[in-house]
Amino acid sequence: MAATPLAVPQNLSSHHSQSHFSFANCVNLKQSHHRIHPRSTLVAPNGVSTPHKFSSFKKLSKPITVLGHNSKFLQMGSQETQKLSINSMASDCGSTSATLSKRVLGIAHLVVSLGIILVVEKLLKKAFVAAAIKFPSALFGMFCIFSILMILDSTIPDAATSLMSFFEPALLFIQRWLPLFYVPSLVILPLSVRDIPAASGLKICYIIFGGWFASLCVAGFTAIAVRKIVKTEMIDAEPMAKPSPFSPTEVWAWSGVFLISFVAALFYPTALGTSARTCLPFLLASTVLGYMVGSGLPSDVKKVFHPIICCTLSADLAALAFGYLSKSGLDPVLVIIKARNV
């Protein structure tokens, strides 16, 4: 028995037509990529399916957009994110360039201020030598600087402050590395005291330590007496800028210089022309490394083991190791330091 097609009731057809037009009014079908199959199936109550063709639905080639093609609701987030990322990149580049320019200006400031001090010191030294003056030229320069600052502070305080601010990088640099200038005399101490008799050595030690203690006592009691006479009170000293501590990068850099120069001087004694010139880099690096290590010690330890003592011992140990490995002994290496110090 052939199945007879089920006729679609009129109300169902009209209901489908109304739902179709209401959906088309809400959604712009022309902007959808979804395809609605032209053939659909209606199922009757008895279970018989009847194919039905909706000719009014067409294949669509554009996506369905509820808010319209020109809506900026979904585009606003991406645009704001792009603007924020661009602004953050610009601020990072600006901060990096500002930091780099500040560092370059700081180095130039240090070079200029330190160069002025060195040039003035050299000119004063030449002038004193030409005039046959035996008074230390550096001490005379110190008195001149002190007098100029006192006069400016009394007359034009701003000028004195500006002058001190200009030379502050050079002063911090000198303050940071000043102890190294006292080390060579201490490094060659084993070479200097070798020919001194024991009795004379004891007398020298008594004079040094006794005079040091006596000078401290005299200075302290004199300050107390003067303070009582003029009836002044002790005030806290003005805070002074301190040099920055040594970074691990500086320590590793000087360690590399020491190892390379030590090995080069050991295997190529005349790499820089003479053995004395070849030994200077590793001796300098050992002194600097000892000073860096001593400066990084705790404050309680530095009260007993001063950084100057630490860098003196490190330089002597480096000289002893080189003399032992090169079979030349300690004295020739210390003679190199003594000759350069003179």
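Taking an unreviewed UniProt entry as the reference, the chain is identified by name as Plastidal glycolate/glycerate translocator 1 belonging to Citrus sinensis.

Draft legend 1. Local environment of the pattern of salt bridges. For the structure shown, the criterion picks out one salt bridge. The shortest N-O distance in the salt bridge between arginine 176 and glutamate 250 comes to 3.1 Å. Within this pair, whereas arginine 176 is found in helix H5 (residues 168-177), its partner glutamate 250 is found in helix H9 (residues 248-267), the two being separated by 74 residues in sequence. The class of arginine 176 is buried, set by a relative accessible area of 15%.

Draft legend 2. The nonpolar core, seen in detail. Ranked by internal contacts, the top residues of the largest apolar core, which has 27 residues, are Phe258, Phe282, Leu283 and Phe322. For this core, the secondary structure elements donating two or more residues are helix H6 (183-187), H9, helix H10 (275-295), helix H12 (307-325) and helix H13 (330-341). Sorting elements by how many residues they give to this core places H10 first, with eight residues. Those residues within four positions of phenylalanine 322 in sequence are excluded, and the remaining contacts are Phe262, Ala265, Leu266, Cys279, Phe282, Ser328 and Val333.

Draft legend 3. Spatial organisation of the environment of proline 184. Position of proline 184 relative to the elements: it lies in helix H6. Remark: the alpha-carbon pair of proline 184 and isoleucine 337, spanning 153 residues in sequence, is separated by 6.7 Å.

Draft legend 4. Up close: a nonpolar patch on the surface. Residues Leu186, Leu189, Val193, Ile196, Ile204, Ile208, Phe209, Trp212, Phe213 and Leu216 make up a contiguous nonpolar surface patch of roughly 970 Å² in combined accessible area. By secondary structure assignment, the location of phenylalanine 209 is in helix H8 (residues 198-230).

Draft legend 5. Just the packing of H9 against H12, in detail. For the pair H9 and H12, the least separation of the axes is 10 Å and the interaxial angle reads 30 degrees. Considering their axes alone, H9 and H12 lie roughly parallel with respect to each other. The hand of the H9/H12 crossing is right-handed. Touching Phe258, Phe262, Ala265 and Leu266 of H9 are Ala318, Ala321, Phe322 and Leu325, all from H12.

Draft legend 6. Unusual backbone geometry, seen in detail. Residue alanine 132 is not a glycine yet carries a positive backbone phi of 60 degrees. Tracing the chain through its elements places alanine 132 in the loop between helix H2 (73-130) and helix H3 (137-155). In the Ramachandran plot, lysine 327 falls in the positive-phi region, its phi being about 65 degrees despite a non-glycine side chain. Relative to the elements of secondary structure, lysine 327 occurs in the loop between H12 and H13. Here lysine 327 falls in the exposed class, since its relative accessible area comes to 71%.

Draft legend 7. Here's a closer look at the confidence of the model for the chain. Confidence in the prediction for the chain averages 76 pLDDT; 71% of positions are at 70 or higher. Contacts of residues 1-62 to residues separated by more than four positions or lying in other chains number 52 contacts, the stretch itself having pLDDT below 50.

Draft legend 8. Up close: the layout of surface pockets. Empty space within the largest pocket amounts to approximately 1,700 Å³. In terms of lining, the largest pocket is formed by 38 residues, of which the most central are Ile117, Ile145, Leu149, Phe167 and Leu171. For the lining of the largest pocket, the leading source of residues is H3, giving twelve residues. Partitioning the lining of the largest pocket into residue classes produces 29 nonpolar, five polar and four charged.

Draft legend 9. Representation of H8. Under the 1.5 Å per step criterion, the end-to-end length of H8 is 48 Å for 33 residues, consistent within 8% with the ideal 48 Å. Backbone geometry just downstream of H8 places lysine 231 in the positive-phi region, at approximately 55 degrees.

Draft legend 10. Spotlight on the environment of valine 293. By the secondary structure assignment, valine 293 is in helix H10. For the pair valine 293 and serine 314, spaced 21 residues apart in the sequence, the C-alpha separation amounts to 9.7 Å.

Each value, and the rule that gives it
- Residues numbered from 1 in each chain as written.
- Predicted model: local features only at pLDDT ≥ 70, side-chain atom pairs only at ≥ 80, totals over all residues.
- Heavy atoms only, no water.
- Salt bridge = Lys/Arg side-chain N within 4 Å of Asp/Glu carboxyl O.
- Helix = DSSP H or I, 4+ residues; strand = E, 2+ residues; numbered from the N terminus.
- Buried < 20%, exposed > 50% of the residue type's maximum accessible area, 1.4 Å probe, protein only.
- Core = buried A, V, L, I, M, F, W, Y, C linked by side-chain atoms within 4.5 Å.
- Contact = heavy atoms within 4.5 Å.
- Patch = residues over 30% accessible without salt bridge, like charges linked within 9 Å, V, L, I, M, F, W, Y side chains within 5 Å.
- Areas by Shrake-Rupley, 256 points an atom, 1.4 Å probe, with all protein chains shown as cover.
- Axes fitted to C-alpha atoms, helices over the stretch in contact; angles between N-to-C directions.
- Parallel < 35°, antiparallel > 145°, perpendicular 65-115°, else oblique.
- Left-handed = near helix turned anticlockwise from the far one by under 90°.
- pLDDT = per-residue confidence, 0-100.
- 1 Å grid on protein atoms, 1.4 Å probe; cavity = no way out; pocket = protein on both sides within 12 Å on 5 of 7 lines; lining within 4 Å.
- Points joined across faces, edges and corners; volume = space filled by probe spheres on them.
- Nonpolar A, V, L, I, M, F, W, Y, C, P; charged D, E, K, R; others polar.
- Expected span 1.5 Å × (residues − 1).

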